[in-house]
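# Report on the structure
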Amino acid sequence: MDKNAHLNRVIVDFKKLTPEVLKLLVDRYPDGYDDRNIITFRNSQGERIEAVEVLTEDTKYLVKISAKLEYTMENYDEDDYEDFADDDPTAVVEPDPEEMVDGEDED
């Protein structure tokens, strides 16, 4: 039996990403995630979903993978979220697509 079977399961899209879950992701995958970390499943509409997993004491979060997520994890700064509650989904803003492209050339 899965030792995590008792956990609540929550699928998190980037739009609903909170500072708490983002910090868990950065802590769990400090150098980013790779293919070994990706979980693939079908949602209730039959769509194929790719996600990475993070756990708390009572919840298993499956965070949907996207370019926005990767960029936000790479540019994570805990200070950016100090004025927000840990569970505030408005705290994590979508990155500017131009920054995402321009930022790839910088070190």
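Below: a short report on this structure. From a predicted model like this one, the values you see are computed outputs, not experimental measurements.

This paragraph deals with the overall build of the protein. Along the protein, the regular secondary structure elements total three helices and four strands. Reading the secondary structure of the protein in the N-to-C direction produces β-α-β-β-β-α-α. At 14 Å, the protein has a C-alpha radius of gyration in line with the 13 Å of a compact globule built from 107 residues. In terms of its C-alpha atoms, the protein occupies a principal-axis envelope of roughly 45 × 30 × 25 Å.

So, on to the nonpolar core. Counting 18 residues, the largest nonpolar core has Leu 17, Leu 22, Leu 25, Tyr 29, Val 63, Leu 69 and Met 73 as the members making the most contacts within it. Those elements giving two or more residues to this core turn out to be helix H1 (19-28), strand S3 (48-55), strand S4 (59-64) and helix H2 (67-74). If you tally residues by element for this core, the top one is H1, at four residues. Once residues lying within four places of it in the same chain are set aside, the contact partners of Leu 17 are Val 12, Leu 22, Leu 25, Val 63, Leu 69, Asp 88, Pro 89 and Val 92.

We now examine the sheet that holds S3. Read from one edge of the open sheet, four strands run S1-S4-S3-S2, paired in mixed fashion. If you trace the sheet from one side to the other, it starts and ends with strand S1 (8-12) and strand S2 (38-42), each paired once. Neighbour to neighbour, the strand axes of the sheet diverge by 35 degrees on average, direction disregarded. As paired elements, S2 and S3 share five bridges and run antiparallel to each other. Across the sheet, residue Arg 42 finds its bridge partner in S3, namely Arg 48.

The rules behind these values
- Residues numbered from 1 in each chain as written.
- Predicted model: local features only at pLDDT ≥ 70, side-chain atom pairs only at ≥ 80, totals over all residues.
- Heavy atoms only, no water.
- Helix = DSSP H or I, 4+ residues; strand = E, 2+ residues; numbered from the N terminus.
- Rg over C-alpha atoms; globule rule 2.2 N^0.38 Å.
- Core = buried A, V, L, I, M, F, W, Y, C linked by side-chain atoms within 4.5 Å.
- Buried < 20%, exposed > 50% of the residue type's maximum accessible area, 1.4 Å probe, protein only.
- Contact = heavy atoms within 4.5 Å.
- Pairing = 2+ DSSP bridges.
- Axes fitted to C-alpha atoms, helices over the stretch in contact; angles between N-to-C directions.

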